[in-house]
Amino acid sequence: MKQMRILHRYLGYFLTGMMAVYAVTGFIMTFRDTNFLKFDKTWERTVEPNLPGSALGEAIEQRRLKVTREDSTTIYFDNGQYDKASGKATFTTKEWPAYIEKLTDLHTSRTADPLFFMNVFFACSLFFFVVSSFWMFPPHAKTFKKGMWFVGAGVILVVVMLISR
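Residues numbered from 1 in each chain as written. Predicted model: local features only at pLDDT ≥ 70, side-chain atom pairs only at ≥ 80, totals over all residues. Heavy atoms only, no water.

A. Summary view of the side chain of Thr25. Within the secondary structure, Thr25 sits in helix H2 (residues 16-30). The exposure class of Thr25 is buried, given its relative accessible area of 1%. Those residues within four positions of Thr25 in sequence are excluded, and the remaining contacts are Leu103, Thr104 and His107. (Helix = DSSP H or I, 4+ residues; strand = E, 2+ residues; numbered from the N terminus. Buried < 20%, exposed > 50% of the residue type's maximum accessible area, 1.4 Å probe, protein only. Contact = heavy atoms within 4.5 Å.)

B. Representation of the sheet that holds strand E2 (residues 67-70) in the model. A sheet is described by the order of its strands in space; here five strands give the open sequence E1-E5-E4-E3-E2, paired in antiparallel fashion. Looking at strand neighbours, the two that pair on one side only are strand E1 (39-46) and E2, the edges of this open sheet. Averaged over all pairs of adjacent strands, the angle between their axes in this sheet comes to 20°, without regard to strand direction. With three bridges connecting them, strand E4 (residues 80-83) and strand E5 (residues 88-95) associate as antiparallel partners. (Pairing = 2+ DSSP bridges. Axes fitted to C-alpha atoms, helices over the stretch in contact; angles between N-to-C directions.)

C. Expanded view of the packing of H2 against helix H5 (residues 116-132). It is the contact of H2 with H5, at a shortest axis distance of 12 Å, that shows an interaxial angle of 100°. On the basis of the axis angle, H2 is roughly perpendicular to H5. Across the interface between the two elements, Met18, Met19 and Tyr22 from H2 touch Met118, Asn119, Phe122 and Phe129 from H5. Along the lines of polarity and charge, the residues of the contact of H2 with H5 split into six nonpolar, one polar and no charged. (Parallel < 35°, antiparallel > 145°, perpendicular 65-115°, else oblique. Nonpolar A, V, L, I, M, F, W, Y, C, P; charged D, E, K, R; others polar.)

D. Seen up close, the pattern of salt bridges. Scanning the entire structure with this criterion turns up four salt bridges. Arg45 is the salt-bridge partner of Glu61, the closest N and O atoms lying 3.9 Å from each other. With a gap of 16 residues between them, Glu61 in the loop between helix H3 (53-59) and E2 and Arg45 in strand E1 connect regions that are remote in the sequence. A relative accessible area of 61% means that Glu61 is categorised as exposed. Residue classification places Arg45 among the partly exposed positions, given a relative accessible area of 22%. One salt bridge connects Glu70 with Lys84, and the closest N-O pair in it is separated by 2.8 Å. Residue Glu70 is found in strand E2, and its partner Lys84 is found in the loop between E4 and E5; the two are separated by 14 residues along the sequence. (Salt bridge = Lys/Arg side-chain N within 4 Å of Asp/Glu carboxyl O.)

This is the structure we're talking about:
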């Protein structure tokens, strides 16, 4: 029990910075579909001329592009336009500042990212915190028994959250 407490404590100290990053980026990413902390960024891209509206989104790397109207020379879409003759598209997007973008990239890394192993290590460490917390106090201790009530409440909360989605 004593060794588990020591491991739990020092791993917690070691991961303080990473936990802070995940807490902040988790909060920020909750509002990613809003303009929270975002600024306007204007883009100009030249792509193949005379693209149909259905192919324009892929060409300028805008997944959710919706054509609002079209005339003989221009395709208009949310926050931008595309000149059919020249292939020039001008549009505005909402972007996070570079430092926030880097932090959220840490939060959402994939196996192709160079630091993905840090996320795997962090996930394993969080799971260790879950498991090791059961060895912090002897099972007959009042603190342990009270903790089990909180564990039960936490499990019920997760079940309710999953059911309500």
